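Now for the letters of each chain:
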Amino acid sequence: MDWTMWVEWIVKGFVLCLILLTGFAYLTWYERRALARIQVRVGPNRAGYQGLLQPIADAVKLIFKEELTPGHVYKVVFILAPVLTVVPSLVLAAVVPLGTSFNLFGREITLYVADVNVGILYLTSIASIAVYGIVLAGWSSNNKYAMLGGIRSSAQMISYELTLGLSFVTAIILGNSMNMIDIVNEQRGLWFVVIQPVGALIFWIATLAEVNRAPFDMPEAEQELTAGYHAEYSGMKFALFFMAEYQKMIVISMILATLFFGGYLGPFVDQVPLLGPVYLFAKVIILLFGMIWVRATWPRIRYDRLMSFGWKILLPLSLAIAFITATGILLADVLNNQLFFWSIPVVSIIALLVAVAFIYRDLRRKSHGRI
Amino acid sequence: MTQLQPANVEQYKHLISERALTGETMLLNMGPQHPSTHGVLRLVLELDGEIVVNCIPDIGFLHTGIEKNMEAKTFQKAEVMTDRLDYMNTMGNNLAYVMAVEKLIDLDVPPRAQALRVILVELQRIASHLVLLGTWGLDLAAMSMFLYCFREREQILDIFELVSGQRMMTTYIRPGGVWRDVPVEFEKAVRDFIKIFPKRIDEYEKLLTKNPLFVDRMVGIGHLSKEMALSYGVTGSNLRASGVNWDLRKARPYMGYEQYDFDVPVLTEGDTYARYLVRIEEFRQSLRIIEQALDKLPMGPVRSDNRKFVPPPRSEIGVSMEALIHHFKLWTEGFHAPNASIYSAVESPRGELGVLIAGDGGPKPRRVHMRTPSFDNLAVVPELVKGHLVADLVAILASIDIVLGDIDR
């Protein structure tokens, strides 16, 4: 272990943080512009070409804004909470491979910060830490709305963590490893989304709930709880919550792209390793658009329905998906018959349709056949 | 650490349950600065977890003293205040007030003015329902709905600007008719809207009506029974969604509504979803009325020529001595109304908007009282939200369609 390795780690970590911070800033711009297009508006287009300097203007504004700490809050936790939220969202990306390796000054530089052989376990554990930040923010604000937001959020994140974990299991079974790089390399022939489309969908839904995005933006729920857990925050402390949410959106899209959409893989990526991050970036932008699209069109699900959706529909479905995937692969292996392997997507989609039928039956019963 | 003053529970002790005093349930102050209370409504909620145990509406934050102010103005000038009453229904308020004045002084309205009034009031009804639908979507976080609805509302406001010069505070409908004849572009503007709007309604329906998330938030929420609706004096679409076929346009036709062919949508379920469906159907029916009224829009004067009440046109002032005298008298002193009191009501987008005017023989009203629909509709909200979640409260409040300017006056 020589000193250059340390330098490499520090530089890579620093660059990744910078990518996420800039990504966050431009994701807000991207979201506002995309939402505006969907909503027949123009969106921010004044600062710089097509409003490209808008995030910088926003950042400057938030930094120079007065830090208002209300008198009735529990100060230590109040200040700690945004930090607890933003740090996990930054370190989460460490295990996501951005590309293969390339040579620089006779040194092989790998395009990921850490090659953890239990990368997925790392992801699940770090992702759960963020819930502390939100709960503590809600609690320390000493505000009833913030408290309700914090409680909602903890219940929601814990329930959807299980589903998220089970979707990870699907990817692990398919990739035959817990290492993110191995999983990506397994997808050279075929993206996992083709084999397990339902698994990818469940993962996506669970991550929407995990990052508190619409239609699961319960803790914030502007129309009910005004701003939820960050009601009492202003200035840069608020910006940290904002930052955490958007960085998590990026990271979680990166993870989804890595697990199910072939990560950095794409044409000629072996010849030109630097294409890897570009492909990943393109996939992330497409996945992020999905999140924005959902936010633009769908109403928010009610809190108790969210919980029953998580526990009664999504969790059994993801269990079934994990089971179907494992059985399919085992049978294909033991009986040496590819037919079983290809029955995985078919059976999974049938399972999804059954779940959707259950939802509609419930709605129809509830509405006495009015829909 | 500074300690906030504890809220004074004494003043609403009789309105909350015992459990709130022991701290078992939580009192939550919702509003007057809250994004979903549609203005400056304050709700004191007693919550058990997130379940609403009690809801106490607190109104008066937008009190403007409009009714009292009107007593200090002549009948013509007081009309301007009605625009500010229910700011989503300015044309309708004008009509309600003007109809009462006309009834008081027994003034006839030419047929062309009647038809124009119907067209404009129905356009206003659509605009009001559009705001309702948009904010409803916004309250449920389907925020694109808001902007789509406002796109169409803009078209209606443009028509209002075309006829009156004002987008919202129109004061276009005047005693004895309307202010002036509509410009030639009016018909095309309205026809354009009629052509485009049915497609837009279908778009809204595609976004919401069968959307499982939307249906889930709507169905079975805030059930308003027929009996409760009648006993609380709920009117308008809310009443019709509870199975009572009561629409003043059909029941007590005014402004020649009897000559138009339209249906009154009535549903029996009485929940939030039914109220939504009634509104959507009312869009279509209003369009039908507008189309018919526009097709047989008669030619002729748009204002009564009873010079004792209606000022003469400007062109006559230069050539006619009488016209000059009438003009001077009407704009300085105003017209005199008999010492009597009358009540007249119209169907506003929110329900029965009634105006009671008492004259005292002079040019100013002795008393003007508005029977505003939002006031009675809000009164039933505490009954509807009991046992529902906070999220449902927002949906119910949106579905009841209150306008605080209408409540506080």
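Rules behind the numbers
- Residues numbered from 1 in each chain as written.
- Chains lettered and ligands numbered in written order.
- Predicted model: local features only at pLDDT ≥ 70, side-chain atom pairs only at ≥ 80, totals over all residues.
- Heavy atoms only, no water.
- Helix = DSSP H or I, 4+ residues; strand = E, 2+ residues; numbered from the N terminus.
- Rg over C-alpha atoms; globule rule 2.2 N^0.38 Å.
- Buried < 20%, exposed > 50% of the residue type's maximum accessible area, 1.4 Å probe, protein only.
- Contact = heavy atoms within 4.5 Å.
- Areas by Shrake-Rupley, 256 points an atom, 1.4 Å probe, with all protein chains shown as cover.
- Lys, Arg positive; Asp, Glu negative; His and termini not counted.
- Charge placed at Lys NZ, Arg CZ, Asp CG, Glu CD.
- Domains from an automatic or database assignment.
- Buried area = accessible area lost by both parts, 1.4 Å probe.
- Salt bridge = Lys/Arg side-chain N within 4 Å of Asp/Glu carboxyl O.
- Nonpolar A, V, L, I, M, F, W, Y, C, P; charged D, E, K, R; others polar.
- Expected span 1.5 Å × (residues − 1).
- Pairing = 2+ DSSP bridges.
- Axes fitted to C-alpha atoms, helices over the stretch in contact; angles between N-to-C directions.
- Core = buried A, V, L, I, M, F, W, Y, C linked by side-chain atoms within 4.5 Å.
- Polar contact = N/O pair within 3.5 Å; in protein donor to acceptor, adjacent residues only side chain to side chain.
- Parallel < 35°, antiparallel > 145°, perpendicular 65-115°, else oblique.
- Left-handed = near helix turned anticlockwise from the far one by under 90°.

## A word on the overall build of chain A
Along chain A, the regular secondary structure elements total 13 helices and 2 strands. In terms of overall size, chain A behaves like a compact globule, its C-alpha atoms giving a radius of gyration of 22 Å where 371 residues would be expected to give roughly 21 Å. Taken over the C-alpha atoms alone, chain A extends approximately 70 × 70 × 40 Å along its principal axes. Relative to its 371 residues, chain A shows a buried fraction of 53%. Counting only contacts in chain A whose residues sit at least 6 apart along the sequence, the fraction spanning at least 24 positions is 77%. For chain A, the exposed area adds up to about 16,700 Å²; of that, 72% sits on carbon and sulfur atoms. Charge-centre separation for chain A: the mean point of 27 positive side chains lies 12 Å from the mean point of 22 negative side chains.

## Details of the overall build of chain B
Assigned secondary structure in chain B consists of 18 helices and 8 strands. Computed over its C-alpha atoms, the radius of gyration of chain B comes to 23 Å, within 12% of the 22 Å expected for a compact globule of 409 residues. Along the first, second and third principal axes, the C-alpha atoms of chain B reach 80 × 45 × 45 Å. Buried residues in chain B amount to 61% of all 409 residues. Taking the intrachain contacts of chain B between residues at least 6 apart in sequence as the baseline, contacts between residues at least 24 apart amount to 69%. Of the roughly 15,800 Å² of accessible surface on chain B, a fraction of 55% belongs to carbon and sulfur atoms.

## As for the domain arrangement of chain B
Residue and element names in this part refer to chain B. Taken domain by domain, chain B holds domain 1 (9-58) and domain 2 (66-305 + 335-371 + 393-408). Taking only C-alpha atoms, the centre of domain 1 and the centre of domain 2 are 32 Å apart. Each side of the interface is counted separately: domain 1 has 11 residues, and domain 2 has 8 residues. Both faces considered, domain 1 and domain 2 share a buried interface measuring about 800 Å² in area, 73% of it formed by carbon and sulfur atoms. Between the two partners, domain 1 and domain 2, sit 0 salt bridges. Tallied by class, the residues present in the side of domain 1 that touches domain 2 amount to 7 nonpolar, 4 polar and no charged.

## Considerations on helix 17 (residues 390-400) of chain B
When you tally the buried positions in helix 17 of chain B, you get 11 out of 11 residues, the bulk of the element. Immediately beyond the C-terminal end of helix 17 of chain B, within one or two residues, lies aspartate 401 of chain B, with a positive phi of roughly 60°.

## A closer look at the pattern of salt bridges
Residues and elements named next belong to chain B. This structure, assessed with the given rule, holds 38 salt bridges over all chains. Among the ionic pairs, arginine 151 bridges to glutamate 152, the shortest N-O distance being 2.8 Å. Across the pair arginine 288 and aspartate 263 runs a salt bridge whose closest N-O atoms are separated by 3.1 Å. With arginine 288 in helix 12 (residues 272-295) and aspartate 263 in the loop between helix 11 (248-251) and helix 12, this pair connects stretches of sequence that are 25 residues apart. In this structure aspartate 263 comes out as partly exposed when scored by relative accessible area, which is 43%. If you follow the salt bridges from partner to partner, you end up with Glu122, Arg125, Arg240, Asp247, Arg249, Glu282 and Glu347 in one network.

## What to know about helix 6 (residues 144-164) of chain B
A turn of α-helix holds 3.6 residues, and therefore any two residues three or four places apart point the same way. With 21 residues, helix 6 of chain B ought to run about 30 Å at 1.5 Å a step, and its terminal C-alpha atoms sit 30 Å apart, in line with that. Looking at the buried positions of helix 6 of chain B, the neighbouring elements they touch are helix 1 (3-38) and helix 11 (275-297) of chain A together with helix 4 (90-105), helix 5 (111-139) and helix 7 (185-208) of chain B.

## Structural notes on the side chain of aspartate 392 of chain B
Within the secondary structure, aspartate 392 of chain B sits in helix 17. Setting aside residues no more than four positions away along its own chain, aspartate 392 of chain B makes contact with Arg302 of chain A together with Arg217 and Ile221 of chain B.

## A word on the sheet that holds strand 7 (residues 351-359) of chain B
Residue and element names in this part refer to chain B. Spatially, 3 strands are ordered 6-7-8 in an open sheet, and the strand pairing comes out antiparallel. The open sheet has two free edges, formed respectively by strand 6 (341-348) and strand 8 (365-371), since each of these has just one partner strand. Adjacent strand axes in the sheet meet at a mean angle of 15°, parallel and antiparallel pairs treated alike. Pairing of strand 6 with strand 7 involves 8 bridges; the strand directions are antiparallel. Within strand 7, the position partnered with serine 341 by the bridge is alanine 358. Strands strand 6 and strand 7 of the sheet are contacted by helix 4, whose axis makes an angle of about 150° with strand 6.

## Considering the nonpolar core
Core analysis: the biggest nonpolar cluster contains 97 residues, and Leu123 and Phe186 of chain B have the highest contact counts within it. Of all the elements, helix 5 of chain B adds the most residues to this core, at 13 residues. The residues contacting leucine 123 of chain B, other than those within four sequence positions of it, are Ile156, Ile159, Phe160, Val190, Phe193 and Ile290 of chain B. Phe168, Ile205, Leu208 and Val284 of chain A belong to the second largest nonpolar core, which has 74 residues in total.

## Side note on the interface of chain A and chain B
Residue-level contacts link 35 residues of chain A with 46 residues of chain B. Taken together, the two surfaces of chain A and chain B that pack against each other cover about 3,600 Å², and 61% of this comes from carbon and sulfur. The tally of links from chain A across to chain B stands at 3 salt bridges. Here aspartate 216 of chain B and arginine 305 of chain A are joined by a salt bridge, their closest N and O atoms 2.9 Å apart. The interface formed by chain A and chain B includes 10 residue pairs in polar contact (both at pLDDT 80 or more). Contributing elements (two or more residues each) for the side of chain A that touches chain B: helix 1, helix 5 (144-175), helix 9 (222-225), helix 11, helix 12 (303-334) and helix 13 (338-366) of chain A. For the side of chain A that touches chain B, the leading source of residues is helix 5 of chain A, giving 4 residues. Split into classes, the residues belonging to the side of chain A that touches chain B amount to 16 nonpolar, 7 polar and 12 charged.

## Things to note about the pairing of strand 6 of chain B
Burial of strand 6 of chain B is extensive: 6 of the 8 residues sit out of reach of the surface. Where strand 6 of chain B hands over to strand 7 of chain B, the hairpin turn is made up of 2 residues, counted between the paired strands.

## Focus: the sheet that holds strand 2 (residues 42-48) of chain B
Residues and elements named next belong to chain B. An order of 1-2-3 is seen for the 3 strands of this open sheet, with the pairing classed as antiparallel. Edge positions in the sheet fall to strand 1 (26-30) and strand 3 (51-58), since each of these pairs with one other strand and no more. Averaged over all adjacent pairs, the angle separating strand axes in this sheet is 20°, with direction ignored. Strand direction decides the pairing type here: strand 1 and strand 2, joined by 5 bridges, are antiparallel.

## Regarding the packing of helix 1 of chain A against helix 2 (residues 54-64) of chain A
All names here are of chain A. For the pair helix 1 and helix 2, the least separation of the axes is 8 Å and the interaxial angle reads 120°. Our classification of the angle between helix 1 and helix 2 gives oblique. Of the two possible hands of crossing, helix 1 and helix 2 adopt the one that is right-handed. Facing helix 1, whose interface residues are Ala25, Tyr26, Thr28, Trp29 and Arg32, helix 2 presents Gln54, Pro55, Ile56 and Asp58. In terms of residue class, the contact of helix 1 with helix 2 is made up of 5 nonpolar, 2 polar and 2 charged.

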